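# A look at the structure
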Amino acid sequence: MPLKPYACANCGHWQRYFAPPPDCPVCTDTRNDLPEDGWRFLTVEEVRPMLRGHWRRLERDLVAFSVSPPLGLNGTGWLLLHPEGNIAFEAAPFYTDEMLAEIERLGGIRILAASHVHGYGALWQLQDVFKPEVMAIQKEDLRLTKAFRVTWPYDDALELRPGQVLHHVGGHYEGQAVLHDAGRRILFCGDAFKVDQDEAGNSTAVSTHKAFHKSIPLTPGEIRRYREVIAGLDFDTVCTPFEHAPGIGRDIALAVLDDQLRGPPGVRHIPVDELRRSATR
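The shown structure was predicted, so the numbers you read here are calculated from the model rather than taken from an experiment. (Residues numbered from 1 in each chain as written. Predicted model: local features only at pLDDT ≥ 70, side-chain atom pairs only at ≥ 80, totals over all residues. Heavy atoms only, no water.)

### With respect to the overall build of the protein chain
Keep this limit in mind: Only DSSP runs of H or I reaching four residues or more are called helices, and only runs of E reaching two or more are called strands; each is numbered from the N terminus. Our radius of gyration looks at C-alpha atoms and nothing else; its globule reference is 2.2 Å times the residue count to the power 0.38. Two residues form a contact once any of their heavy atoms are found within 4.5 Å.
Each helix and strand in the protein chain was counted, giving six helices and 19 strands. Radius of gyration (C-alpha) of the protein chain: 18 Å, near the 19 Å computed for a compact globule of 281 residues. C-alpha extents for the protein chain along the principal axes are approximately 60 × 45 × 40 Å. Taking the contacts inside the protein chain whose residues are at least 6 apart along the sequence as the reference set, 52% of them involve residues at least 24 apart.

In structure tokens form, the structure reads like this:
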């Protein structure tokens, strides 16, 4: 019986399986909710007509890919354009034919990577279609990569090319990593931070957490590990799997972490204006 890709209707996580999978390892994990109506898994043939693909070109040669209506966690696929080969970091929940054609027009993909499982989306599609040289995932999260083949597991850091480096930070997930792009001055931070934004896309508050939906905080040691890595990186923008947040730079990120270290553990949505004041003290 051939293996087929199946997407969890609750969170969007893809698995290759012989038949509809018995459960979803992302939903059964404490960081996500179980489906209230039981398991339902979708085939590619079911997903394709459900969705419309979208992309938008942002400043600094960055392209964001997404779908509507939402599928699962509904993350964003970031495409970092580069004359020596593009990097795809994180992935949209699914790629329509039009989205794949646009990526091809932009030069395809040379390198694939993601922060952790909440950003994996349809990485398997990008690997199947574009045959990138590298699929990089931190070694602690290999257990969640059954939908695609990891070609470059790594330990603490991996330089994809000069100025574009993956750093293992753990915390939210054991194998969570951030991608620092020095030239763009962007930190693709996974779920190390959550940025609250209004309908116009303005950032209003920032938080950090072990599990956002359950409001489970990180431990002091996990916060210190975030700070140890992030303090050495220069950036003025963060991109989570869900938000593009210009103006959220290193000083604001460190102010969030310092707030966590000052008090008891908690998930605090700290207003950006308050963080800016803290960062200038």
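### Notes on the environment of Asp-23
Examined against the element boundaries, Asp-23 turns out to sit in the loop between strand 2 (14-17) and strand 3 (41-43). Sequence-wise, Asp-23 and Thr-237 are 214 residues apart; in three dimensions their C-alpha atoms are separated by 36 Å. When sequence neighbours within four positions are dropped, the list of residues in contact with Asp-23 reads Gln-15, Thr-28, Trp-39 and Phe-41.

### A closer look at the packing of helix 4 (residues 220-230) against helix 5 (residues 250-262)
When two helices pack together, their arrangement is given by the angle between their axes and by how far apart the axes lie. Defined as follows: For every element, the axis is a line fit to its C-alpha atoms; helices are fit only across the contacting stretch, and the angle between N-to-C directions ranges from 0 to 180 degrees. In these notes the angle categories are as follows: under 35 degrees is roughly parallel, over 145 is roughly antiparallel, 65 to 115 is roughly perpendicular, and the rest is oblique. Crossings are classed by handedness, with left-handed meaning an anticlockwise turn of the near helix from the far one by less than a right angle and right-handed meaning a clockwise turn. Side-chain classes are defined by residue name, with Ala, Val, Leu, Ile, Met, Phe, Trp, Tyr, Cys and Pro counting as nonpolar, Asp, Glu, Lys and Arg as charged, and the others, Gly among them, as polar.
It is at 10 Å that the axes of helix 4 and helix 5 come closest, and there the two elements cross at 160°. In terms of orientation, helix 4 and helix 5 fall into the roughly antiparallel class. Relative to helix 5, the crossing made by helix 4 is left-handed. Residue-level contacts link Pro-220, Ile-223, Arg-224, Tyr-226, Arg-227 and Ile-230 of helix 4 to Arg-250, Ala-253, Leu-254, Leu-257, Asp-258, Gln-260 and Leu-261 of helix 5. Its residues assigned to classes, the contact of helix 4 with helix 5 shows eight nonpolar, one polar and four charged.

### Considerations on the sheet that holds strand 6 (residues 77-80)
What counts is decided by this rule: When DSSP finds two or more bridges between a pair of strands, those strands are recorded as paired.
Within the open sheet, the seven strands sit side by side as 4-5-6-7-8-9-10. Their pairing is mixed. If you trace the sheet from one side to the other, it starts and ends with strand 4 (52-58) and strand 10 (152-154), each paired once. Between one strand and the next, the sheet's axes are offset by a mean angle of 20°, whatever the strand orientation. Here strand 6 runs beside strand 7 (residues 87-89); their pairing, made up of three bridges, is antiparallel. The partner of Trp-78 across the bridge, within strand 7, is Phe-89.

### Some details on the pairing of strand 1 (residues 4-8)
Regular strands show a simple pattern: their side chains alternate between the two faces of the sheet. So the rule is basically this: Relative accessible area decides the class of each residue, using a 1.4 Å probe on protein chains only: under 20% of the type maximum gives buried, over 50% gives exposed, and in between gives partly exposed.
Burial analysis of strand 1 places four of its five residues in the buried class, which makes it a mostly covered element. Both strand 1 and strand 2 contribute to a ladder of four bridges, which runs antiparallel. In the strand pairing of strand 2, Pro-5 is matched with Arg-16. Between strand 1 and strand 2, which pair antiparallel one after the other, the connecting turn spans five residues, and Gly-12 there sits at a positive phi close to 90°. Summarising the sheet, strand 1 and strand 3 pair through three bridges and their orientation is antiparallel. Residue pairing for strand 3: Ala-7 is matched across the bridge by Leu-42.

### Describing empty space enclosed by the protein
Note the cut-off: Two kinds of site are reported from a 1 Å grid over the protein atoms alone, namely cavities, where a 1.4 Å probe fits but cannot get out, and pockets, open sets with protein on both sides within 12 Å along at least five of seven lines, and residues are called lining when an atom falls within 4 Å of a point. Grid points are joined across faces, edges and corners, and a volume is the space filled by probe spheres set on the points.
Counted according to the given criterion, the structure contains two cavities of 30 Å³ or more. If you add up the space inside the largest cavity, you get close to 150 Å³. Put simply, the second largest cavity is a space of about 30 Å³. Here the lining of the second largest cavity takes three residues from strand 6, the largest share from any one element. Along the lines of polarity and charge, the residues of the lining of the second largest cavity split into eight nonpolar, one polar and no charged.

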